[in-house]
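Spelled out, the chains give:
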Amino acid sequence: MKAMLLAAGLGTRLKPWTDHHPKALAILNGKSLLQRNIEYLQQAGILDVLVNIHHFPDQLLEAIEKNKGWGSKISISDETAEVLETGGGLKKAEPYFEAEEDFLLMNVDILTDMPLTDFIHTHKAKRNLATLAVSKRKSSRYFLFDEQTGLLSGWGNDQTGEQKISREVALPLKRAFSGIHCINTAIFPYITKTGKFSIVELYLTLSASHPIGYYDHSGSKFMDVGKPENLHLATEIFH
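These numbers were taken from a predicted model, which means no experiment stands behind them.

The rules behind each value
- Residues numbered from 1 in each chain as written.
- Predicted model: local features only at pLDDT ≥ 70, side-chain atom pairs only at ≥ 80, totals over all residues.
- Heavy atoms only, no water.
- Phe/Tyr/Trp six-rings, centres within 6.5 Å; stacked < 30°, edge-to-face > 60°.
- Buried < 20%, exposed > 50% of the residue type's maximum accessible area, 1.4 Å probe, protein only.
- Lys NZ or Arg CZ within 6 Å of the ring centre and 35° of its normal.
- Helix = DSSP H or I, 4+ residues; strand = E, 2+ residues; numbered from the N terminus.
- Polar contact = N/O pair within 3.5 Å; in protein donor to acceptor, adjacent residues only side chain to side chain.
- Contact = heavy atoms within 4.5 Å.
- Salt bridge = Lys/Arg side-chain N within 4 Å of Asp/Glu carboxyl O.
- Pairing = 2+ DSSP bridges.
- Core = buried A, V, L, I, M, F, W, Y, C linked by side-chain atoms within 4.5 Å.

Enquirer: Please give an account of the packing of aromatic side chains that cites residues and values.
Expert: According to the stated counting rule, one finds seven aromatic pairs in the structure shown. Taken together, a centroid distance of 4.0 Å and an interplanar angle of 20° make the contact between F97 and F103 stacked. Accessibility assignment for this pair places F97 and F103 in one class, buried. Here the aromatic residues Y96, F97, F103 and F188 are joined through ring pairs into a cluster of three or more. Across from the ring centre of Y96, 4.3 Å away, lies the NZ or CZ of K2, which sits over that ring. Just above the ring of W155 sits the side chain of K164; from NZ or CZ to the centre is 5.5 Å.

Enquirer: Report on unusual backbone geometry, specifying residues and quantitative values.
Expert: With omega at 10°, the peptide bond leading from K15 into P16 counts as cis. Structurally, P16 can be placed in the loop between β1 (2–6) and β2 (27–28). Unlike most non-glycine residues, W70 shows phi in positive territory, near 50°. Within the secondary structure layout, W70 lies in the loop between α2 (57–66) and β5 (73–78). Unusually for a residue other than glycine, E85 sits at a positive phi of about 60°. With respect to the helices and strands, the residue E85 is situated in helix α3 (residues 85–92).

Enquirer: Quick one: what's the story with the side chain of S207, residue by residue and with numbers?
Expert: By the secondary structure assignment, S207 is in the loop between α5 (199–206) and β13 (212–216). Given the relative accessible area of 0%, S207 is considered buried. Engagement of the side chain of S207 in a polar contact is seen with the backbone oxygen of L204, the distance being 2.9 Å. When near neighbours in sequence (up to four residues on either side) are disregarded, S207 contacts L152, S166, R167 and I212.

Enquirer: Tell me about the pattern of salt bridges, residues and numbers included.
Expert: Applying the stated criterion to the full structure yields 11 salt bridges. Close ionic contact of E39 with K31 constitutes a salt bridge, the shortest N to O distance being 2.8 Å. Overall, the relative accessible area of 22% leaves E39 in the partly exposed class. The residue E201 makes a salt bridge to K164 at a minimum N-O spacing of 2.3 Å. Of the two residues, E201 is situated in helix α5 and K164 in strand β11 (residues 163–165); the sequence distance between them amounts to 37 residues. Residue classification places E201 among the partly exposed residues on the basis of a relative accessible area of 39%.

Enquirer: Explain the pairing of strand β8 (residues 130–135) residue by residue, including any values.
Expert: Most of β8 is tucked away, with six of its six residues classed as buried. With burial as the criterion, each face of β8 is covered, one bearing A130, L132 and V134 and the other bearing T131, A133 and S135. Alignment of β8 against strand β12 (residues 172–184), held across five bridges, turns out to be antiparallel. Following the sheet pairing, V134 is matched in β12 by F177. Judged from the five bridges that link them, β8 and β13 form a sheet pairing that is parallel.

Enquirer: Could you give an account of the nonpolar core, naming the residues involved and the relevant values?
Expert: Counting 31 residues, the largest nonpolar core has L34, L104 and F119 as its most contacted members. Of all the secondary structure elements, the ones that give two or more residues to this core are β1, α1 (33–42), β4 (48–53), α2, β6 (102–107), α4 (116–126) and β12. When residues of this core are assigned to their parent elements, the largest contribution, four residues, is made by α1. In this view, L104 contacts M1, K2, A3, M4, L41, I46, L116, F119, I120, I180, H181 and C182; residues no more than four positions away in its chain are not counted. Of all hydrophobic cores here, the second largest spans 30 residues; its members include L90, Y96, L173 and L204.

Enquirer: Explain α5 to me, using residue names and the numbers behind them.
Expert: Given 3.6 residues per turn, any residue in an α-helix points the same way as the ones three and four places further on. Residues of α5 that are buried: I199, L202, Y203, L204 and L206. Contacts from the buried residues of α5 go to α3, β8, β10 (152–157), β11, β12 and β13. Between a side-chain oxygen at the N-terminus of α5 and the backbone nitrogen of V200 the separation is 3.1 Å; the capping residue is S198.

The following block contains the structure:
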């Protein structure tokens, strides 16, 4: 299986580090976020990784070359002309996954000890078009799932009160998304948009007629380290 690490973002939440460096090279207990997640993928036997680049791309390329990909085969998706966000970045990466049945997509500023092999196994066993890693935690934005079928039924924002419902369900389950997806390559023909766009809208559209499921890893260590205060807190949790 192959994976893609989303590392192209400007990392504005992680200033002042990102005024001079890409967020993927932020250091936590002696290791960059990029190294940590490449090693995390290795735990599930994933050694072929695509990394998208935009912000300070030369620093990322130098780190990957200097460290020989930390033992993995690293390929690059060049987004230096424009950050394409999750959906656009994935669409651009389509040729990389051509021979695959399923693949992993992950934000580089996420740290977790969620059991990846179990996550992948669950995705394959349920034959979902995509499976989203989620947990029960406080968040302003969340996905809604049908508790009976385990399938995506909507999205909401507690701060704005906005909701997008793709299918009406009797028992909606509210969970925060963890920035990790296991996706079947059958999704690519449905990605008709080009340029810069989020994958969330695609999931909501597809969920009306295709199985977009979830994997609840509540209880696992998890932290979004895209903010300086979280990066500091993570030093006590991820060694």
